[in-house]
Each structure stands twice: as C-alpha cells, then as structure tokens.
Amino acid sequence: MERLQKVIAQAGVASRRKAEQMIQEGKVTVNGKKVTELGTKVGLNDDVRVEGVPLERERKVYFLFYKPRGVISAVTDDKGRKTVVDFFPHVEERIFPVGRLDYDTSGLLLLTNDGEFANLMTHPSNEMDKTYIVKTEGIVQRHLLKRISSGLKLEDGMTAPAKVKELGIDRKKNRSLLEVTIHEGRNRQVRRMFEAIGHPVQKLRRDRFAHLTLHGLNAGDYRELTAHEIKQLRTMAEAGSSR
Ligand code: URA
C-alpha cells in the first residue's frame, strides 16, 4: 500500500505537491468515491482516477543506457530518426528519457516510466552532477578553463561553477581532452560554454550521472538500475535540494 499522492506522482500526472493539492480539491476518486484525505493509502488493485481519468499503474522500471551518437532523446520523432526508445524493443512499459542528450552527444542516459523519479533527477535545485568528456577544437588555455570553472555568461544567464579536469592535449590534432562536471542541465549547455570561450566542442560524451558510470556497456547497450542505485539517486537528489 502506498500513499495516494505518491501513487499519483509516480504515474506522472503531477508532482507530489500538486497531487496533494488535487486530492484536497476533490479531483481524485478511489474506487468511485471522492477522497480528500492526504493520508489515504491505496493498493495496486484500487481504481484511482484523477478528474475521472484512470491512472496508469505500470510496474516502475529504470534503465541506464549508453546512447550512441546520431540518436534522438525522445520517444518519437516526426522526422523518422532513430530514438532512444527504439533500443528497447522488448520493454513493454512506456519509458521515456530522463532529461536529454543532444543528437550528436553520446553517453549515459537514464530512461524510466516513473515521472516523479524523472522530475527528481532533472529538477535544477537537486543539483545532480553530470560529467562529460569533451574534445575541443584547438588547445584550450588554462585561463579559459578557469572561466568555465568559475561560471560564465551565456545568453540565458550565468552558469554555475563547474569542475574541470585536463585529461590531455593532442598537439597533432590540435585539441584538448577535458572532463567537465556540471549540475545544471540547460539546453546544449556544455557546447555553449565552450563556444563562449572560442573552442567549439568536437565530440561530447556523458560519462557519469551522479555516481553512475557506463562501466561494462558499449554504445547502444543498457542495463536495469538496481533497487539500491535507485534509492541512492533519490537520496542524493533530496540532499541536493536541501543544500
Ligand atoms: N551539454 C550539451 O551541450 N549537450 C548535451 O547533450 C549535454 C550537455
């Protein structure tokens, strides 16, 4: 048995707080009866409806996927391009990506059918770390890396301080190899940060999400998260929001 607001949030209808509000406003019924008590618990066999619409009560699933380049982080694509969900032909649950990676970015992407979990992982105030391996055009001078690590101005505002580690310099190919960790998730953020210092990104791969890595996976592979990993991620997100 689970609390009604949690069940509604997990089904992806609304955040837990919004779900509480909907219950109090009398928009939720359980087995045909209006319920306005927040403490109410429901089981899998109870018929829960929000504004008359039955909740989808699928088993919750959580995957760690190594997204290849040239794949779109969406469930469908109107241009017929390959989507991340196409790599899961045998998964019956209606999964979707948690946040997104650009078409040309490879690396670690979580997929789930748990809307509440996805919100927790992507909400900016939860500050989940994302680590990228970046190959740049040209060799990046230290003082420019400092601008990335201190935070710099983009068209949508200042970026938060980032962790930057120099992994190597390829003088022959004239490029730097860097590891960059950010906890924000703005659109094309890493690419825009490097454009801002005059060194566009040549190649981008997300290597880590929080403490999770791509260890043991090749591009296109996935594995299920363990119950322990899911719990750790939730705990980290909740700790992040109280920082
Ligand atoms: N930053 C980017 O620029 N692209 C991504 O896909 C992820 C982060």
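Small disclaimer: the values here were computed from a predicted structure and weren't measured.

Asker: It is not clear to me how the packing of aromatic side chains should be interpreted in this structure. Could you clarify?
Answerer: The geometry of an aromatic ring pair is captured by two quantities: the separation of the ring centres and the angle between the planes. This structure, assessed with the given rule, holds six aromatic pairs. Aromatic pair Phe 63 and Phe 88: ring centres 5.2 Å apart, planes at 55 degrees, arrangement tilted. Separated by 25 residues along the polypeptide, Phe 63 in strand E7 (residues 62-67) and Phe 88 in the loop between E7 and strand E8 (96-97) bring together distant segments of the chain. Neither Phe 63 nor Phe 88 differs from the other in exposure class; each is buried. By the ring-pair criterion, three or more aromatic residues cluster together here, those being Phe 63, Phe 65, Phe 87, Phe 88 and Tyr 222. In this arrangement the basic side chain of Arg 81 is found over the ring face of Tyr 103, its NZ or CZ atom lying 5.2 Å from the centre.

Asker: What should I look at first to understand the site of the ligand in this one?
Answerer: Residues in contact with the ligand, as listed here, are Leu 101, Asp 102, Thr 105, Tyr 132, Arg 188, Gln 189, Val 190, Arg 191 and Leu 204. Within the side chain of Thr 105, an N or O atom sits 3.0 Å from an oxygen atom of the ligand. Within the contact set of the ligand, a nitrogen atom lies 3.2 Å away from a backbone nitrogen or oxygen of Val 190. Burial of the ligand by the protein chains amounts to 96% of its free accessible area of 230 Å². Among the elements that make up the shell around the ligand, the one with the highest residue count is helix H5 (residues 189-196) (three residues). Of the residues that constitute the shell around the ligand, the class distribution is four nonpolar, two polar and three charged. Each of domain 2 (62-125 + 212-241) and domain 3 (129-209) accounts for three or more of the residues forming the shell around the ligand.

Asker: Explanation requested: the nonpolar core in the structure shown.
Answerer: Most often, soluble globular proteins keep nonpolar side chains buried together rather than apart. Ranked by internal contacts, the top residues of the largest apolar core, which has 31 residues, are Phe 88, Leu 111, Val 134 and Phe 194. Each of two domains, domain 2 (62-125 + 212-241) and domain 3 (129-209), supplies a minimum of three residues to this core. Once residues lying within four places of it in the same chain are set aside, the contact partners of Phe 88 are Phe 63, Phe 65, Ile 95, Leu 111 and Tyr 222. One finds Tyr 62, Ala 118, Leu 120 and Leu 225 within the second-largest nonpolar core, a separate group that totals 20 residues.

Cut-off values and rules
Residues numbered from 1 in each chain as written. Predicted model: local features only at pLDDT ≥ 70, side-chain atom pairs only at ≥ 80, totals over all residues. Heavy atoms only, no water. Phe/Tyr/Trp six-rings, centres within 6.5 Å; stacked < 30°, edge-to-face > 60°. Helix = DSSP H or I, 4+ residues; strand = E, 2+ residues; numbered from the N terminus. Buried < 20%, exposed > 50% of the residue type's maximum accessible area, 1.4 Å probe, protein only. Lys NZ or Arg CZ within 6 Å of the ring centre and 35° of its normal. Near = heavy atom within 4 Å. Polar contact = N/O pair within 3.5 Å; in protein donor to acceptor, adjacent residues only side chain to side chain. Areas by Shrake-Rupley, 256 points an atom, 1.4 Å probe, with all protein chains shown as cover. Nonpolar A, V, L, I, M, F, W, Y, C, P; charged D, E, K, R; others polar. Domains from an automatic or database assignment. Core = buried A, V, L, I, M, F, W, Y, C linked by side-chain atoms within 4.5 Å. Contact = heavy atoms within 4.5 Å.

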